[in-house]
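So the chains spell out like this:
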Amino acid sequence: MELYNLKHPSQKVSFKEAVQLGLGQDRGLFFPTQIPVLDDIEGLLALPFVERSKKVLGAWLASELGQDAVDELVERAFNFDLPLVAVDEQRACLELFHGPTLAFKDFGARFMAQCVNAFVGDTRLTILTATSGDTGAAVADAFYGLEKVNVVVLYPKGKISELQEKMFTTLGKNIHTVAVSSDFDACQDLVKRAFDDPEVREGLSLNSANSINISRLLAQICYYFEAVAQSKQGHDADPVISVPSGNFGNLTAGLFAKAMGLPVKRFIAATNANDTVPRYLENGQWQPNQTQATMSNAMDVSEPSNWPRVEAICEKLAWPLSNLVGMRLSEEQTSLALAELHAQGYVSEPHAAIAAKALSLTLVPDEVGIFLGTAHPAKFKDVVDRELKLDLPLPAELEAVATKTILSAELPADFATLKAHLLAVLA
């Protein structure tokens, strides 16, 4: 597999190199020179998830890694369920939160961890990543205890739920966490500045586990195939898929799946008040606003890093951006969307509720739709309990961390301070 840097196309790398580098020169994203197109989609959709995923990822990686190696990576990474649960006659939720940290990011993080562990050699790597919620837990769990990898997770202090926070800040060992006194965009900027600093980048052998890392995106392609496979068991129509969108890695993976031949009628990019992309799709002006804190905090992103990949896919395949539907929901609309799902007998959380409402606002009578359930409702227990007047029981994974002590360092959004901290703790 060959990839090139979207900012510097002359920089070309293999999949192994892209996984280990994370970002290219000048923070450029790696993008494949070729997108494989699959034959016999109907036959693929008839396979079980793991067996199908081996073929989907093999189309990208077998030429470089060998199919046997791809099969082993998939078997180790994907070992949990992803049911498609009907909500009403037109909509169903693909529940992606049945992994170890109860969030969709388990798919990408676990696959990336298996790749890094296989490729690392004798070098000790430092994974530096920013999280607006679920990435931190998924990455920390996936890399916890690996002897040749340190993990540093930056997150906005006070702007993620306490249970989200405790999922990754109570582990210790090779997992180091930093609560930054700002928002997610500031955390993301600190990560980018670290990659631009040779002393930090080379001295600590930096890599990133955000969705900018190509291994995470490839893994996420697989669950779009599963969504359509399950949908086709009850409906012949190609589904509309609504994606709760923050940093836009999830939508990027969906577009890669469609480019490979997956029959999806259209995608909806559903956001909260941080609506840079919906506005851009409407008026063609890229105008990020100051990030707003919302109850759907994992989507509190005003400058999504993966958007250049979305545009690159559309350009490569001559798809007009107008094929994408951008939808923005306010806090009031999010609250109503949660209540509407609950009235239909389905308990959700804010991110999936936004995607579900965006879907219902755009479906016509002869269409079927899927919205992605990206996190277990109990990860947002405070919000869900408040909005729905419930007392959600905690699943075992959250119960286990609820009373543990947070081990995070607390730092300002200042790169010099972060650099000193990283070199002191890890060098």
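Residues numbered from 1 in each chain as written. Predicted model: local features only at pLDDT ≥ 70, side-chain atom pairs only at ≥ 80, totals over all residues. Heavy atoms only, no water.

Quick look at the sheet that holds strand 6 (residues 125–130)
Here 5 strands make up an open sheet; going across it, the order is 9-6-7-8-14 and the pairing parallel. The two strands at the open ends of the sheet, each matched to only one other strand, are strand 9 (206–207) and strand 14 (409–411). Sheet topology note: the strand 8 (residues 175–180)/strand 14 ladder contains 3 bridges and is parallel. Considered in strand 14, the bridge of Val 178 is made with Ala 409. The sheet contacts of helix 6 (residues 134–143) involve strand 6, strand 7 (149–156) and strand 8, and relative to strand 6 the element is tilted by about 160°. (Pairing = 2+ DSSP bridges. Helix = DSSP H or I, 4+ residues; strand = E, 2+ residues; numbered from the N terminus. Contact = heavy atoms within 4.5 Å. Axes fitted to C-alpha atoms, helices over the stretch in contact; angles between N-to-C directions.)

So, the sheet that holds strand 13 (residues 369–373)
Spatial strand order, 4-5-13-10-11-12: 6 strands in an open sheet with mixed pairing. With partners counted over all chains shown, the strands left at the sheet margins are strand 4 (84–86) and strand 12 (325–328), one partner each. Going from strand to strand, the sheet's axes swing by 25° on average, the running direction of each strand aside. Where strand 4 meets strand 5 (residues 91–95), 3 bridges bridge the pair, whose relative direction is antiparallel. Across the sheet, residue Leu 84 finds its bridge partner in strand 5, namely Leu 94.

Side note on the UniProt feature "modified residue: N6-(pyridoxal phosphate)lysine" (unreviewed entry) in the protein chain
In the numbering used here, UniProt assigns the "modified residue: N6-(pyridoxal phosphate)lysine" (unreviewed entry) feature to Lys 105. Position of Lys 105 relative to the elements: it lies in helix 5 (residues 105–119). Not counting chain neighbours up to four residues away, the residues in contact with Lys 105 comprise Asp 134, Thr 135, Ala 138 and Arg 216. (UniProt positions renumbered as here; feature names shortened; annotations may be inferred.)

Brief notes about the UniProt feature "domain: Tryptophan synthase beta chain-like PALP" (unreviewed entry) in the protein chain
Per the UniProt record, "domain: Tryptophan synthase beta chain-like PALP" (unreviewed entry) is found at residues 95–359. Helix makes up 46% of residues 95–359 and strand makes up 14%, while its end C-alpha atoms are separated by 16 Å.

Digging into the nonpolar core
Core analysis: the largest hydrophobic core is formed by 97 residues, its most contacted members being Phe 15, Phe 78, Phe 111, Phe 143, Ile 221, Tyr 224 and Phe 225. Among the nonpolar cores identified, the runner-up in size contains 29 residues, and Ala 337, Leu 341, Ala 352 and Ala 356 belong to it. (Core = buried A, V, L, I, M, F, W, Y, C linked by side-chain atoms within 4.5 Å. Buried < 20%, exposed > 50% of the residue type's maximum accessible area, 1.4 Å probe, protein only.)

Some details on helix 11 (residues 249–259)
For helix 11, the tally of buried residues reaches 10 of 11 residues, placing the bulk of the element in the interior. Those residues of helix 11 that sit buried are Gly 249, Asn 250, Leu 251, Thr 252, Ala 253, Gly 254, Leu 255, Phe 256, Ala 257 and Ala 259. Phi turns positive one or two residues past the end of helix 11, at Gly 261, with a value near 120°.

Points about the packing of aromatic side chains
Going through the model one piece at a time under the given rule, you end up with 18 aromatic pairs. Each ring, one from Tyr 4 and one from Phe 31, has its centre 6.0 Å from the other, and the planes form 70°; the classification is edge-to-face. Taken together, the residues span a long stretch of sequence, with Tyr 4 in strand 1 (residues 2–5) and Phe 31 in strand 3 (residues 30–32) at a distance of 27 residues. The burial state of Tyr 4 is the same as that of Phe 31; both residues are buried. Ring centres 6.1 Å apart and planes at 90° place the aromatic pair Phe 15 and Phe 119 in the edge-to-face group. Here Phe 15, found in helix 1 (residues 15–21), pairs with Phe 119, found in helix 5; they are 104 residues apart in sequence, far enough to count as distant. Phe 119 sits in the buried class, given a relative accessible area of 13%. Grouped by ring-pair contacts, the aromatic residues Phe 49, Phe 78, Phe 80, Phe 107, Phe 111, Tyr 223, Tyr 224 and Phe 267 constitute a single cluster. Here the guanidinium or amino end of Lys 258 rests over the ring plane of Trp 319, the centre of that ring lying 6.0 Å away. (Phe/Tyr/Trp six-rings, centres within 6.5 Å; stacked < 30°, edge-to-face > 60°. Lys NZ or Arg CZ within 6 Å of the ring centre and 35° of its normal.)

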